[in-house]
Amino acid sequence: MGKKKRQGLSAEQKQAEAEAACALGKHVSKQKGRILLAATLAACALPILLGVRIWDAIPEIVPTGLLGPDGKDDSLPRVIVVFGMPGLMCLLNLIAHFQLLFNQKHMTMPSRHVRLVGRMGFPIISVLFCSGLMLQAANMGYPLTFVTPCILGLALLLLGAHMLDCPENARVSLRFALELGEAWKPMHDLAGKSWIVGGLLVIGGVMLGAGSIVTVIAALAVFIIPLLIARFR
């Protein structure tokens with residue numbers, strides 16, 4: 001909404017707009033914003049590890065299956081697939097984060113596509129799509145033993161992000177931490193940061209070729225340990 005139009009609103013309308021912007025604009029604290037920016041940039045870049053690991057198996061020119069203006073396959077060089085695609089996801093992720101920060105600062109509603117992508121959209125695309133393109137190019141398929149740990153890692157990232165500023169009335173929270181009083185926020189901060197780091201380690205592990213069983217066990221351990229610390233503190 002333009003500045004002149006905002007000035008013509010009543011106090012009640014401005015308050016309603018501010019509340020809507022806060023509720024739908026994905027507002028976060030400065031600390032959470034910095035943590036999520038760093039974590040999501042790392043997640044976007046992790047498929048590079050897979051590309052380097054299977055570099056020799058990826059052809060120098062990778063068919064994408066997309067047709068260019070001349071009707072021919074719009075193929076990409078190997079270096080673009082391995083480094084350029086994840087790098088593009090990092091750039092788009094950075095733009096999305098700063099756009100959300102700008103809207104939050106000015107208490108305005110982000111555009112629909114920015115709200116849709118949010119802070120986690122490009123990491124999800126990079127981890128699942130960019131890595132899948134590399135595996136397909138190397139004729140390795142897209143096995144569940146690779147996809148499942150990636151999804152687990154992304155789930156840990158999403159859950160950790162939620163826990164960082166989790167309110168006491170949230171449906172997804174460490175409900176037993178209500179008994180800890182002032183320890184509610186520290187316990188959720190611990191769980192959030194642990195799960196974000198764990199999610200990155202799980203995704204990084206599968207990109208480096210860690211066995212699926214080992215990766216799943218590691219993901220479960222990362223998930224359970226903060227719960228035990230919070231429960232028996």
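Quick note: structure is the one above.
What you see is a predicted model, and the numbers here were worked out from it, not measured in a lab.

Participant: Please provide a residue-by-residue account of the overall build of the chain, values included.
Facilitator: The number of helices and strands found in the chain is ten helices and two strands. Counted from the first residue to the last, the chain has its helices and strands arranged as α-α-α-α-β-β-α-α-α-α-α-α. Expressed as a percentage of the 233 residues in the chain, the buried residues total 40%. Contacts in the chain between residues at least 24 apart in sequence constitute 70% of all its contacts with a sequence separation of at least 6.

Participant: Outline helix 8 (residues 144-163), listing residues and values.
Facilitator: Relative to the 28 Å expected for 20 residues at 1.5 Å per residue, helix 8 spans 28 Å between its end C-alpha atoms, a close match to the ideal helical length. Taken as a whole, helix 8 has its buried residues at Phe146, Val147, Pro149, Cys150, Gly153, Leu154, Leu156, Leu157, Gly160, Ala161 and Met163.

Participant: Explain a nonpolar patch on the surface to me, using residue names and the numbers behind them.
Facilitator: Nonpolar side chains collect at one region of the surface, where Val52, Val79, Ile80 and Phe83 lie side by side and expose about 320 Å² of accessible area between them. Examining the composition of the nonpolar patch, we find that three residues originate from one element, helix 5 (residues 78-106), more than from any other. Its place among the elements puts phenylalanine 83 in helix 5.

Participant: Pulling in residues and values, what's your account of the packing of helix 3 (residues 30-45) against helix 8?
Facilitator: A pair of packed helices can be characterised by two numbers: the angle between their axes and the separation between those axes. In the contact formed by helix 3 and helix 8, the axes pass within 11 Å of each other and the chain directions differ by 170°. Looking at the two axes, helix 3 sits roughly antiparallel to helix 8. When helix 3 is examined against helix 8, the residues Lys32, Leu36, Ala39 and Ala43 are found in contact with a partner set consisting of Leu157, Ala161 and His162. Partitioning the contact of helix 3 with helix 8 into residue classes produces five nonpolar, one polar and one charged.

Participant: Explain the packing of helix 3 against helix 5 to me, using residue names and the numbers behind them.
Facilitator: Look at helix 3 against helix 5: their axes get within 8 Å of each other, and the N-to-C directions meet at 160°. If you check the angle between helix 3 and helix 5, you find them roughly antiparallel. Helix 5 is crossed by helix 3, and the crossing has right-handed handedness. Together, Leu36, Leu37, Thr40, Leu41, Cys44 and Ala45 of helix 3 and Pro86, Met89, Cys90, Asn93, Leu94 and His97 of helix 5 make up the contact between the two elements. Among the residues forming the contact of helix 3 with helix 5, the class breakdown is nine nonpolar, three polar and no charged.

Participant: Could you give an account of helix 5, with specific residues and numbers?
Facilitator: An ideal rise of 1.5 Å per residue puts 42 Å on 29 residues; helix 5 measures up with 42 Å between its terminal C-alpha atoms. Along helix 5, the sharpest change in direction is near 35° and occurs at glycine 84; proline proline 86 comes one to four residues later. Two residues or fewer after helix 5 comes methionine 107, characterised by a positive phi angle close to 55°.

Participant: A description of empty space enclosed by the protein should follow, citing residues and the corresponding values.
Facilitator: Using the criterion set out here, one finds one cavity of 30 Å³ or more in the structure. The space that makes up the largest cavity amounts to roughly 40 Å³. Along its surface, the largest cavity is lined by Ser29, Gln31, Lys32, Ile35, Leu164, Asp165, Lys185, Asp189 and Lys193. At the level of elements, helix 3 and helix 9 (184-207) are the ones that each hand at least two residues to the lining of the largest cavity. A per-class count over the lining of the largest cavity returns two nonpolar, two polar and five charged.

Participant: Outline the side chain of serine 126, listing residues and values.
Facilitator: Among the secondary structure elements, serine 126 is positioned in helix 7 (residues 121-137). Among all residues touching serine 126, those that are not within four sequence positions of it are Ala43, Cys44, Pro47, Pro86, Met89 and Ser131.

Participant: Describe in detail the layout of surface pockets, supporting the description with residues and values.
Facilitator: Put simply, the largest pocket is a space of about 220 Å³. For the largest pocket, the full set of lining residues is Val28, Ser29, Lys30, Gly33, Arg34, Leu37, His97, Phe98, Leu101, Gln104 and Arg119. If you list the elements that add at least two residues to the lining of the largest pocket, you get helix 3 and helix 5. For the lining of the largest pocket, the per-class residue count stands at four nonpolar, four polar and three charged.

Participant: Tell me about the packing of aromatic side chains, and please be specific about residues and values.
Facilitator: All chains considered together, the criterion is met by two aromatic pairs. Between tryptophan 55 and phenylalanine 83, the ring centres sit 6.0 Å apart and the planes meet at 50°, which makes this aromatic pair tilted. You can see tryptophan 55 sitting in the loop between helix 4 (47-53) and strand 1 (61-62) and its partner phenylalanine 83 sitting in helix 5, a full 28 residues away along the chain. Take tryptophan 55: its relative accessible area is 26%, and that puts it in the partly exposed class. A relative accessible area of 38% means that phenylalanine 83 is categorised as partly exposed. Taking the centre distance of 6.2 Å and the plane angle of 45° together, the rings of tyrosine 142 and phenylalanine 146 count as tilted.

What counts, and where the lines are drawn
Residues numbered from 1 in each chain as written. Predicted model: local features only at pLDDT ≥ 70, side-chain atom pairs only at ≥ 80, totals over all residues. Heavy atoms only, no water. Helix = DSSP H or I, 4+ residues; strand = E, 2+ residues; numbered from the N terminus. Buried < 20%, exposed > 50% of the residue type's maximum accessible area, 1.4 Å probe, protein only. Contact = heavy atoms within 4.5 Å. Expected span 1.5 Å × (residues − 1). Patch = residues over 30% accessible without salt bridge, like charges linked within 9 Å, V, L, I, M, F, W, Y side chains within 5 Å. Areas by Shrake-Rupley, 256 points an atom, 1.4 Å probe, with all protein chains shown as cover. Salt bridge = Lys/Arg side-chain N within 4 Å of Asp/Glu carboxyl O. Axes fitted to C-alpha atoms, helices over the stretch in contact; angles between N-to-C directions. Parallel < 35°, antiparallel > 145°, perpendicular 65-115°, else oblique. Nonpolar A, V, L, I, M, F, W, Y, C, P; charged D, E, K, R; others polar. Left-handed = near helix turned anticlockwise from the far one by under 90°. Bend = angle between axes of the 7 residues up to and from the residue. 1 Å grid on protein atoms, 1.4 Å probe; cavity = no way out; pocket = protein on both sides within 12 Å on 5 of 7 lines; lining within 4 Å. Points joined across faces, edges and corners; volume = space filled by probe spheres on them. Phe/Tyr/Trp six-rings, centres within 6.5 Å; stacked < 30°, edge-to-face > 60°.

Worth remembering: the numbers are spatial, not functional.
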